[in-house]
Amino acid sequence: MSELNLSGSCLCGSVAYEIKGQAMHFYHCHCLRCRKATGTGHASNIIMRPENVTWTAGEQLLTYYKLPEAKRFSTSFCSVCGSPMPRIAPDQSIAVIPAGTPATDPGARPEARIFQASRSDWSCEAGGLPAHATYPPRDG
Ligand SMILES: [Zn+2]
Ligand SMILES: [Zn+2]
């Protein structure tokens, strides 16, 4: 995937970050957890290494929420305005970057839709992207 070098921030601007490095994956995820966490039909997330994320403002304003029954699902958001912000998985394996939070085009493009089996009928169609019923095959 693409080499990324960009900055992003939350809606109120209190929290800001930079990401630099290789994007591992870029997915639209239609799972119920992502739907609830974003309030929309799907989350659009860029997956990178945790060391690719640097906070440049407001890290102390981040609130983390780990879903108790989930192995890895967590959210991170600005405690002032509620915007989703990048989050590091509890096992430190990946960083999940909400693709809408950089102000500029990240350059990378989504590679697939995942958890298509949980998709709401009104949500975006596959649009030519591969669509997987749950996890992408390689993450099994
Ligand atoms: Zn904010
Ligand atoms: Zn999801």
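Visitor: Would you mind going over the nonpolar core with me for this structure?
Guide: Soluble globular proteins: nonpolar side chains tend toward being buried together. In this structure, Leu4, Val15, Ile19, Ile46, Trp55, Met85 and Ile97 are the most contacted members of the largest nonpolar core, which totals 19 residues. Sorting the residues of this core by element identifies strand S1 (3–9), strand S2 (16–22), strand S4 (43–48), strand S5 (53–57) and strand S9 (95–98) as the ones contributing at least two each. Once you skip the residues sitting within four places of it in the chain, isoleucine 97 turns out to touch Tyr17, Ile19, Ser44, Asn45, Ile46, Met48, Val53 and Pro86. Among the nonpolar cores identified, the runner-up in size contains 11 residues, and Cys29, Phe73, Ala112 and Ile114 belong to it.

Visitor: Explanation requested: the coordination of the zinc ion (ligand 1) in the structure shown.
Guide: When a metal carries six donors in an octahedron, the ideal angles between them are 90 or 180 degrees, while four donors in a tetrahedron ideally lie at 109.5 degrees. Donor atoms from the polypeptide that bind the zinc ion (ligand 1) are Cys10 (SG), Cys12 (SG), Cys78 (SG) and Cys81 (SG), placed at 2.3 to 2.4 Å. Around the zinc ion (ligand 1), the 4 donor atoms sit at angles spanning 106 to 112 degrees, and that spread fits a shape best called tetrahedral. Between the donor residues of the zinc ion (ligand 1), the gaps in sequence give the motif C-x1-C-x65-C-x2-C. Of this pair, cysteine 10 sits in the loop between S1 and S2 while cysteine 81 is found in the loop between strand S7 (74–78) and strand S8 (87–88), placing the two residues 71 residues apart along the sequence.

Visitor: What is the right way to look at the coordination of the zinc ion (ligand 2) in this model?
Guide: Distances from the zinc ion (ligand 2) to its protein donors, Cys29 (SG), Cys31 (SG) and Cys34 (SG), fall at 2.1 to 2.3 Å. In the primary sequence, the donor residues of the zinc ion (ligand 2) line up as C-x1-C-x2-C. Comparing cysteine 29 with cysteine 34 shows no difference in burial state: the two are buried.

Visitor: For this particular structure, what's the right way to read the packing of aromatic side chains?
Guide: Two aromatic rings, taken as a pair, are described by how far apart their centres are and by the angle between their planes. Within the structure shown, the criterion is met by 2 aromatic pairs. Here tyrosine 17 and tryptophan 55 contribute two aromatic rings whose centre-to-centre distance is 6.2 Å and whose plane-to-plane angle is 75 degrees, an arrangement assigned as edge-to-face. Here tryptophan 55 lies in strand S5 and tyrosine 17 lies in strand S2, a separation of 38 residues in the sequence. Judged by its relative accessible area of 0%, tyrosine 17 is buried. For tryptophan 55, a relative accessible area of 19% translates into the label buried. Considering the side-chain rings of phenylalanine 115 and tyrosine 135, the 4.9 Å spacing of their centres and the 75 degrees angle between planes classify their relative orientation as edge-to-face. Within this pair, whereas phenylalanine 115 is found in the segment after strand S10 (112–114), its partner tyrosine 135 is found in the segment after S10, the two being separated by 20 residues in sequence. Taking the relative accessible area as the measure of exposure, phenylalanine 115 reaches 16% and is therefore buried. Lying across the ring of phenylalanine 73, arginine 87 places its NZ or CZ 5.6 Å from the centre.

Visitor: Sorry if this is basic, but what is going on with the sheet that holds strand S3 (residues 25–29) here?
Guide: Backbone-to-backbone hydrogen bonds join strands into a sheet, with any given pair of strands oriented parallel or antiparallel. Taken together, the 5 strands give an open sheet; going across it, the order is S8-S9-S4-S3-S10, and neighbouring strands pair in mixed fashion. Whereas interior strands pair on both sides, the edge strands pair on one side only; in this sheet they are S8 and S10. Across 5 bridges, the pairing between S3 and S4 is antiparallel. Counted as the bridge partner of histidine 25 is isoleucine 47 from S4.

Conventions and cut-offs
Residues numbered from 1 in each chain as written. Chains lettered and ligands numbered in written order. Predicted model: local features only at pLDDT ≥ 70, side-chain atom pairs only at ≥ 80, totals over all residues. Heavy atoms only, no water. Core = buried A, V, L, I, M, F, W, Y, C linked by side-chain atoms within 4.5 Å. Buried < 20%, exposed > 50% of the residue type's maximum accessible area, 1.4 Å probe, protein only. Helix = DSSP H or I, 4+ residues; strand = E, 2+ residues; numbered from the N terminus. Contact = heavy atoms within 4.5 Å. Donors = N, O, S within 2.8 Å, 3.2 Å for Na, K, Ca; no water. Tetrahedral: all angles 85-135°; square planar, octahedral: opposite > 155°, others 65-115°. Phe/Tyr/Trp six-rings, centres within 6.5 Å; stacked < 30°, edge-to-face > 60°. Lys NZ or Arg CZ within 6 Å of the ring centre and 35° of its normal. Pairing = 2+ DSSP bridges.

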